[in-house]
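A look at the structure
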Amino acid sequence: MPQEPTLTPTRPYLIRAFYEWMEDNALTPYILVDATQDNLVIPTEHVQNGQIVLNIASRATGNMNMDNTYISFNARFGGVSRELWIPMQAVMAIFAKEDQTVGMPFDPSEYDNYTPLEQEPQPTKSKPATSDKPKRENKAGLRVLK
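The notes below deal with the structure included here. (Residues numbered from 1 in each chain as written. Predicted model: local features only at pLDDT ≥ 70, side-chain atom pairs only at ≥ 80, totals over all residues. Heavy atoms only, no water.)

Bringing the overall build of the chain into the picture now. Helices and strands together make up the secondary structure of the chain, namely one helix and seven strands. In the chain, which comprises 146 residues, the proportion classed as buried is 30%. A separation threshold of at least 6 residues defines the contact pool for the chain, and within that pool the share at least 24 residues apart is 60%. Just so you have it, the chain exposes about 10,800 Å², and 50% of that area is on carbon and sulfur atoms. (Helix = DSSP H or I, 4+ residues; strand = E, 2+ residues; numbered from the N terminus. Buried < 20%, exposed > 50% of the residue type's maximum accessible area, 1.4 Å probe, protein only. Contact = heavy atoms within 4.5 Å. Areas by Shrake-Rupley, 256 points an atom, 1.4 Å probe, with all protein chains shown as cover.)

Given below as structure tokens:
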């Protein structure tokens, strides 16, 4: 008997679909996150009852990336820019701020028996981007002349 293929979780695909639909319809997408999960980088000072609600609208975030394992973006909290990393299994729901009946809760057990085939990216502390260009020695360059 052939072995059944292991299906990937639907959560990342549904989150991306709801996110895009909400943005197209001028709604504000929010996610409810289980703050007790591992590998989270979130503002822990805003966690209440083991959960945090995050505004993921494009106008409230920068450098948004949603792949099959993580949602990562930059957002401001109290005027301070922070880099957030949320593993997909920590996202409990996506909903519209304007109408919380528009959205979807997720089955908390969806990731219980799932083992990803690829290595998951791990959140890292923000560092300045480094380029592959070699460092310039003190060579001639442009200067402002008066």
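And the narrative resumes.
Okay, the environment of tyrosine 19 next. Mapped onto the elements of the fold, tyrosine 19 is located in helix α1 (residues 11–24). Of the residues examined, tyrosine 19 reaches a relative accessible area of 14% and is grouped as buried. Separated by twelve residues in the primary sequence, tyrosine 19 and isoleucine 31 place their C-alpha atoms 9.6 Å from one another. Those residues in contact with tyrosine 19, other than ones at most four positions away along the chain, are Pro29, Ile56, Ala57, Ser58, Met64, Met66 and Ile94.

Let us look at the environment of valine 102. Within the secondary structure, valine 102 is located in the loop between β6 (91–96) and β7 (103–105). Spatially, the C-alpha atom of valine 102 lies 9.1 Å from that of phenylalanine 18, the residues being 84 residues apart in sequence. Ignoring any residue separated from it by four or fewer positions in sequence, one finds valine 102 in contact with Trp21, Met22, Leu27, Ile94, Phe95 and Ala96.

Moving on: the sheet that holds strand β5 (residues 80–87). Pairing is antiparallel in the open sheet, where three strands are placed in the order β3-β4-β5. If you trace the sheet from one side to the other, it starts and ends with β3 (62–66) and β5, each paired once. Between one strand axis and the next, the sheet turns through 25° on average, direction left out of account. Direction of pairing for strand β4 (residues 70–77) relative to β5: antiparallel, over a ladder of eight bridges. If you follow serine 72 over to β5, its bridge partner there is tryptophan 85. (Pairing = 2+ DSSP bridges. Axes fitted to C-alpha atoms, helices over the stretch in contact; angles between N-to-C directions.)

Taking 1.5 Å of rise per residue, 14 residues should cover 20 Å, and α1 covers 20 Å from first to last C-alpha, within 8% of that figure. Of all the residues in α1, the buried ones are Arg11, Pro12, Ile15, Tyr19 and Met22. Viewed along the axis of α1, the buried residues span an arc of 100°, placing them on a single side of the element. Residues of α1 that are exposed and point over 90 degrees away from its buried face: Glu20 and Asp24. Here the buried face of α1 lies against β1 (29–34), β3, β4, β6 and β7. Just downstream of α1 lies alanine 26, where phi reads positive at about 55°. (Expected span 1.5 Å × (residues − 1). Arc of directions from axis to C-beta.)

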